[in-house]
Amino acid sequence: MENKKKIVIVISILLIYFVIMMIFFGFDSLKKKVNHLEILISPTTYLKYEKGIWEKADEDATELLGKTYQIYGNHQYLYDAILQYTEDKWYAFDKNNKPLLSFPKNFFAYRGNMKVDVVNYHSVEMSEVEIKEATNILKKYNITFQPSFTKTMKLEFDFNNDGVEENLYIISNALGMEEQSIYFSIAYIENSGNIEILIEKISDSMYQIPTLNLRELIDINQDKKYEFVFEYSYFDQLGTSHEIFEYENGIYKAIKIYGINDRGDEDK
């Protein structure tokens, strides 16, 4: 009888120790294990987010088959759908496996137990004054001629949740009709006169410079510090790829990711 009491006491102590350890260490670890996302950006960028780390997809995209995603088109939620990728084309089905004919060609989709806020933003063209200021920035790259711009985009938004709206600008002369001595695609943020360059792609070869677009503005961590999803589209059939920027330690940091069929250049 005395031995049974000792066994019960030992088991009780072990259970209490286990509970204490779970409270201080285990629960956080479990939360990190289950906090995950799978994100799709058409045409073929597939990545995973878990424990604060981004991982690119396998080359054949077989992991995508038969999974249900939240589908966004033109920065707006459309519906949940099961996705399939066959012969370089996406197909979407509802829960009854009926094809969705309204499935958009350019889409953003995700699945997982973390909520992603997708901002339905509206950009505008830069003003003449802003374009003039942009040419001053170009002088830092020894671009002193008056370029024939193919893109002058502006988006005003509080990107980092500091209570002040910043301006995101994208300027480019890529894929224009006129031949130019230097080609560029540049993205930068202006905040109270301070300039932070996010992307600078410059070359004397038009084939090396992509068109640059802000594909999505998202919030993954629900902290109102938004991530930029930029899209690079290269000349002819050289491919499309994406890059994500996140706000960290007061600056935007690029997280390099590549699509399944993109070029995978090391300088992107």
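Basis of the calculations
- Once a new chain begins, its residue numbering starts again from 1 and follows that chain's sequence as written.
- Residue-level local features of this predicted model are given only where pLDDT is at least 70; pairs of side-chain atoms are given and counted only at 80 or more, and the full residue set underlies all totals for whole chains, interfaces and linings.
- Computation of side-chain values covers all heavy atoms of the structure but excludes hydrogens and water.
- Each helix corresponds to a stretch of at least 4 residues labelled H or I by DSSP, and each strand to a stretch of at least 2 residues labelled E; elements are numbered beginning at the N terminus.
- Any residue under 20% of the maximum accessible area for its type is buried, any over 50% is exposed, and the rest in between are partly exposed; the area is computed with a 1.4 Å probe on protein chains only.
- We call two residues contacting when some pair of their heavy atoms lies within 4.5 Å.
- The protein chains shown are the only cover counted for residues, whose accessible areas, like all others here, come from Shrake-Rupley with a 1.4 Å probe.
- Note on pairing: DSSP must find at least two bridges between two strands before they are called paired.
- With axes taken as lines fitted to C-alpha atoms, and helix axes fitted only over the stretch in contact, angles between N-to-C directions fall between 0 and 180 degrees.
- An arc is given here, and it is the one of the directions from the helix axis to the C-beta atoms.
- As used here, the term nonpolar core means buried Ala, Val, Leu, Ile, Met, Phe, Trp, Tyr and Cys residues forming a set that is joined through side-chain atoms within 4.5 Å.
- Ring pairs are drawn from Phe, Tyr and Trp, using the six-membered ring of Trp, whenever the two centres fall within 6.5 Å, and their geometry is named by plane angle: stacked under 30 degrees, edge-to-face over 60, tilted for the rest.
- Note on criteria: charge over ring means Lys NZ or Arg CZ within 6 Å of the ring centre, with the direction from the centre no more than 35 degrees off the ring normal.

1. Description of the overall build of the protein
Right, on to step 1. Secondary structure assignment for the protein yields two helices and 17 strands.
Right, on to step 2. Residues classed as buried in the protein amount to 42% of the 268 residues present.
Right, on to step 3. Excluding contacts between residues fewer than 6 apart, the proportion of contacts in the protein whose partners are at least 24 apart in sequence is 50%.
Right, on to step 4. On the protein, roughly 15,600 Å² of surface is accessible, and the fraction owed to carbon and sulfur atoms is 52%.

2. Points about the sheet that holds strand S9 (residues 124-125)
Right, on to step 1. Spatially, the five strands line up as an open sheet ordered S9-S10-S11-S12-S13, and their pairing is antiparallel. Each edge of the sheet is formed by a strand with only one pairing partner; in this case those strands are S9 and strand S13 (194-203).
Right, on to step 2. Pairing of strand S12 (residues 183-191) with S13, which is carried by nine bridges, proceeds in the antiparallel orientation. Residue pairing for S13: Asn-191 is matched across the bridge by Asn-194.
Right, on to step 3. Together, strand S10 (151-157), strand S11 (166-172), S12 and S13 form the strand contacts of helix H2 (residues 128-138), whose direction differs from that of S12 by roughly 115 degrees.

3. Here we look at H2
Right, on to step 1. Along H2, the residues that are buried comprise Glu-130, Ala-134, Thr-135, Ile-137 and Leu-138. Viewed end-on, H2 has its buried residues packed into an arc of 155 degrees, placing them on one side of the element. Exposed residues lying more than 90 degrees from the buried face of H2 are Glu-128, Val-129 and Lys-132.
Right, on to step 2. Of the surrounding elements, those touching the buried residues of H2 are S10, S11, S12 and S13.

4. Here's the deal with the side chain of Thr-152
Right, on to step 1. Note on placement: Thr-152 falls in strand S10.
Right, on to step 2. On the basis of relative accessible area, Thr-152 is assigned to the buried category, the value being 9%.
Right, on to step 3. Once you skip the residues sitting within four places of it in the chain, Thr-152 turns out to touch Val-124, Glu-125, Met-126, Ile-131 and Ile-170.

5. Overview of the nonpolar core
Right, on to step 1. Leu-168, Leu-198, Phe-228 and Phe-230 are the most contacted members of the largest nonpolar core, which totals 21 residues.
Right, on to step 2. Listing elements by their share of this core, those giving two or more residues are S10, S11, S12, S13, strand S14 (211-219) and strand S15 (227-233).
Right, on to step 3. Those residues in contact with Phe-228 that lie beyond four places of it in its chain are Phe-159, Leu-168, Ile-189, Leu-198, Leu-214, Glu-216, Leu-217, Glu-243, Ile-244, Phe-245 and Tyr-252.
Right, on to step 4. The next biggest cluster of nonpolar side chains, apart from the first, holds 17 residues, and it includes Tyr-110, Met-114, Ile-218 and Ile-220.

6. Thoughts on the packing of aromatic side chains
Right, on to step 1. Here the structure, examined in full by the defined rule, presents 16 aromatic pairs.
Right, on to step 2. Ring plane angle 80 degrees and centroid distance 6.0 Å describe the contact between Phe-149 and Phe-184, whose orientation is recorded as edge-to-face. Here the residue Phe-149 occupies a position in the loop between H2 and S10, and Phe-184 occupies one in strand S12, the gap between them amounting to 35 residues.
Right, on to step 3. When its relative accessible area of 0% is taken as the criterion, Phe-184 is described as buried.
Right, on to step 4. Summarising the aromatic geometry, the rings of Phe-230 and Phe-245 are spaced 5.5 Å apart at their centres and angled 90 degrees between planes, so their arrangement reads as edge-to-face. Pair noted here: Phe-230 is in strand S15 and Phe-245 is in strand S16 (residues 240-248), with a separation of 15 residues, a long-range link.
Right, on to step 5. Assessed through its relative accessible area of 3%, Phe-245 is described here as buried.
Right, on to step 6. Ring-pair connections join several aromatic residues into one group, and the members of that group are Phe-157, Phe-159, Tyr-226, Phe-228, Phe-230, Phe-245, Tyr-247 and Tyr-252.
Right, on to step 7. Here the guanidinium or amino end of Arg-111 rests over the ring plane of Tyr-69, the centre of that ring lying 5.9 Å away.

7. Some words on the pairing of strand S1 (residues 36-41)
Right, on to step 1. The element S1 is largely enclosed, with a buried count of five among its six residues.
Right, on to step 2. Sheet analysis places S1 next to strand S2 (residues 45-50), joined by six bridges and oriented antiparallel. Looking across to S2, one finds that Leu-37 is bridged to Tyr-49.
Right, on to step 3. Hairpin remark: S1 followed by S2, antiparallel, with three residues in the connecting loop.
Right, on to step 4. Both S1 and strand S7 (residues 108-112) contribute to a ladder of five bridges, which runs antiparallel.

8. Describing the environment of Met-126
Right, on to step 1. Within the fold, Met-126 resides in the loop between S9 and H2.
Right, on to step 2. Judged by relative accessible area, which is 7%, Met-126 ranks as buried.
Right, on to step 3. On a C-alpha basis, the gap between Met-126 and Lys-154 in space is 5.6 Å, while along the polypeptide they are 28 residues apart.
Right, on to step 4. Excluding residues that lie within four positions of it along the chain, Met-126 makes contacts with Ile-131, Ala-134, Thr-152, Met-153, Lys-154, Tyr-169, Ile-170, Ile-171 and Tyr-188.

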